Amino acid sequence: MAENKKLSIIAFSGDFDKLTAVFTLGTGAAAVGYEVNIFFTFWGLDAIKKKQGRSFTGGNWLTKIFGFMMGGLKVTPTSRFNFLGAGPKIFRYLMKKNNVATLEELVEAAKALRINLYACEMAMHVLGLTKDDFIPEVKDVLGVASFLNLSEGGQTLFI
Amino acid sequence: MATKVLDITKEHCPMTFVKTKIELSKLNEGDILEVLLAEGEPLDNVPRNAKEQGYNVISIEHVEGTTHKVIIKK
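A brief report on the enclosed structure follows. (Residues numbered from 1 in each chain as written. Chains lettered and ligands numbered in written order. Predicted model: local features only at pLDDT ≥ 70, side-chain atom pairs only at ≥ 80, totals over all residues.)

This part is about the packing of helix 1 (residues 15-26) of chain B against helix 2 (residues 41-52) of chain B. Residues and elements named next belong to chain B. Packing of helix 1 against helix 2 brings their axes to within 10 Å, and their N-to-C directions diverge by 30°. When the interaxial angle is binned, helix 1 and helix 2 end up roughly parallel. At the point where helix 1 passes helix 2, the crossing takes the right-handed sense. Along its contact with helix 1, which presents Thr 16, Phe 17 and Thr 20, the element helix 2 presents Pro 42, Asn 45, Val 46, Asn 49 and Ala 50. Grouping the constituent residues of the contact of helix 1 with helix 2 by class yields 4 nonpolar, 4 polar and no charged. (Axes fitted to C-alpha atoms, helices over the stretch in contact; angles between N-to-C directions. Helix = DSSP H or I, 4+ residues; strand = E, 2+ residues; numbered from the N terminus. Parallel < 35°, antiparallel > 145°, perpendicular 65-115°, else oblique. Left-handed = near helix turned anticlockwise from the far one by under 90°. Contact = placed C-beta atoms within 7 Å. Nonpolar A, V, L, I, M, F, W, Y, C, P; charged D, E, K, R; others polar.)

Membership of the largest hydrophobic core comes to 49 residues, with the highest contact counts inside it found for Ala 11, Ile 38, Phe 39 and Phe 40 of chain A together with Val 35 of chain B. In terms of residue count, helix 1 (residues 16-31) of chain A provides more of this core than any other element does, 8 residues in total. Once residues within four sequence positions are removed from consideration, Ile 38 of chain A is found in contact with Ile 9, Ala 11, Val 22, Gly 26, Ile 115, Leu 117 and Tyr 118 of chain A. (Core = buried A, V, L, I, M, F, W, Y, C linked by C-beta atoms within 7 Å. Buried ≥ 20, exposed ≤ 12 C-beta atoms within 10 Å, placed from the backbone.)

We now examine the pairing of strand 3 (residues 116-120) of chain A. Residues and elements named next belong to chain A. Across the 5 residues that make up strand 3, a large majority, 4, are buried. For strand 2 (residues 35-40) and strand 3, the ladder comprises 4 bridges, and the chain directions are parallel. Of the residues in strand 3, the one forming a bridge with Asn 37 is Asn 116. (Pairing = 2+ DSSP bridges.)

Looking now at the environment of Glu 34 of chain B. Residue and element names in this part refer to chain B. Relative to the assigned elements, Glu 34 resides in strand 2 (residues 32-38). The partly exposed category is assigned to Glu 34, around which 15 C-beta atoms lie within 10 Å. Once residues lying within four places of it in the same chain are set aside, the contact partners of Glu 34 are Thr 3, Val 5, Leu 6, Lys 69 and Ile 71.

All names here are of chain B. If you walk across this open sheet you meet the 4 strands as 1-2-4-3, and the pairing is mixed. This sheet does not close on itself; its edge strands, each paired only once, are strand 1 (3-7) and strand 3 (56-64). The sheet shows a mean angle of 20° between the axes of neighbouring strands, direction not considered. Relative to strand 4 (residues 67-73), strand 2 runs antiparallel, the two being bridged by 7 bridges. Residue pairing across strands places Glu 34 opposite Ile 71, the latter belonging to strand 4. In this fold helix 2 packs onto strand 2, strand 3 and strand 4, with an angle of close to 155° to the strand it touches most, strand 2.

So, on to the interface of chain B and chain A. If you look at the interface, chain B gives 13 residues, while chain A gives 13 residues. Put simply, the parts of the chain that give the side of chain B that touches chain A at least two residues each are helix 1 and helix 2 of chain B. It is helix 1 of chain B that provides the largest number of residues to the side of chain B that touches chain A, a total of 5 residues.

This part is about the pairing of strand 3 of chain B. All names here are of chain B. Counting buried residues in strand 3 gives 0 out of 9 residues, a small share hidden from the surface. Both strand 3 and strand 4 contribute to a ladder of 7 bridges, which runs antiparallel. Directly across from Asn 56, in strand 4, lies its bridge partner Lys 73. If you look at the hairpin formed by strand 3 and strand 4, you'll find 2 residues sitting between the two strands, and Gly 65 has a positive phi there, around 55°.

If you want it as structure tokens, here you go:
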């Protein structure tokens, strides 16, 4: 096996389909022996929130409204064919029917494979989120410099 | 020495090798994992990835139809 196989993904999008791509690549790479880092920033932070539905996370009234509108993993919209929230339900149905892992199953697999999950400090600050708002598997809160350091020598993707 | 059976014949990428990896990580040294899988990508990749990660692929046999059985020792 090649030394230092490493995949680092910047999960910027909070869209159901793009998060599915993030976790498919991440779990697949981890399963074949890659070290995997996922750095969640901005909309992507929705994927690692403890509260997976809609809740008023945030520090002040404005970020609380943002928190409610953005929601968590269970209410992520699809980037196309969202149909006011029906889209993700249809995709979940199609994925189950065809024995393809759903987003929730992929996230559970990511935890089981001990993929390194990180949250972006700056985006958390803007959205009034703290590390306590995230699932306990989130390893650390990082900035750009730390992420570059972690991803050095491997492949990096922005999704 | 325990033997565990994992059926991934109905799974698709990446869950075929993700589930294999998770099951292998739960086993103790010397335990056996019998993986039932379909030909094509799972049959091409699961034994190869197991070997690459230092597991011992003892045998690969055809079961029936498109199903194969891969026996991996941790």
